[in-house]
Amino acid sequence: MQTTALKYGFARTLNLSFDQALERVKGALPKEGFGIQAEIDISRALKEKLGVDVPRLLILGVCNPPIAYRALQAEPEIGLLLPCNVTLRQTAEGTEVAVIDAGKMMEFVENPALKPLGDEVKRRLQTVLESV
């Protein structure tokens with residue numbers, strides 16, 4: 001599977017069911033130091049609140065505590081951009097897994113101390129994506 005660069009992240013489509021892809025992602029995240037802080041089932045929320053059916057879409061809010069702590073030390077308000085998002089989206093081709101480009105997110109903040117942290121998170125999330 002090929003990884004595709006997105007405007008603000010990276011994605012690849014797996015020839016797996018949604019549940020199989022989710023299991024792989026959940027297994028790969030801890031290997032790069034990430035824990036899942038939140039699971040947001042967008043497709044279920046849209047069904048419950050609007051009565052619309054959309055393909056499965058899940059947002060995982062993930063965090064690497066040592067890196068998050070360093071970021072908070074450099075920029076206390078960075079909590080507005082935490083945790084990092086990983087998404088799983090059901091498509092006709094399989095399940096798309098996407099990760100945020102934390103390097104680009106940190107550029108937005110314009111604090112030079114955050115650039116190496118954003119680059120490290122970017123590298124780690126890309127490793128997760130490549131391993132699933």
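Residues numbered from 1 in each chain as written. Predicted model: local features only at pLDDT ≥ 70, side-chain atom pairs only at ≥ 80, totals over all residues. Heavy atoms only, no water.

This part takes up the pairing of strand E5 (residues 84–91). Pairing between strand E4 (residues 57–63) and E5: six bridges, direction antiparallel. Pairing of Ile 59 across the sheet is with Thr 87, part of E5. The pairing of E5 with strand E6 (residues 94–100) spans six bridges and is antiparallel. Residue pairing across strands places Thr 91 opposite Gly 94, the latter belonging to E6. Where E5 folds back on E6, the antiparallel hairpin that results is connected by two residues. (Pairing = 2+ DSSP bridges. Helix = DSSP H or I, 4+ residues; strand = E, 2+ residues; numbered from the N terminus.)

If you look at the biggest cluster of nonpolar residues, it comprises 33 residues, and the most contacted ones within it are Leu 29, Leu 60, Val 86 and Leu 125. Looking at this core, the elements with two or more residues in it are strand E2 (9–14), helix H1 (18–28), E4, helix H3 (65–74), E5, E6, helix H4 (102–109) and helix H5 (115–131). Ignoring any residue separated from it by four or fewer positions in sequence, one finds Leu 125 in contact with Leu 29, Phe 34, Val 62, Cys 84, Val 86, Val 99 and Ile 100. (Core = buried A, V, L, I, M, F, W, Y, C linked by side-chain atoms within 4.5 Å. Buried < 20%, exposed > 50% of the residue type's maximum accessible area, 1.4 Å probe, protein only. Contact = heavy atoms within 4.5 Å.)

Now for the environment of Lys 7. Structurally, Lys 7 can be placed in the loop between strand E1 (4–5) and E2. Distance from Lys 7 to Ile 100, taken between C-alpha atoms, is 9.6 Å for residues 93 residues apart in sequence.

Read from one edge of the open sheet, six strands run E1-E2-E6-E5-E4-E3, paired in antiparallel fashion. Taken across any chain shown, the strands that pair with only one partner, and hence form the sheet edges, are E1 and strand E3 (35–41). Across the sheet, H1 lies against E2, E3, E4, E5 and E6, angled at about 160° from E5, the strand it touches most. (Axes fitted to C-alpha atoms, helices over the stretch in contact; angles between N-to-C directions.)

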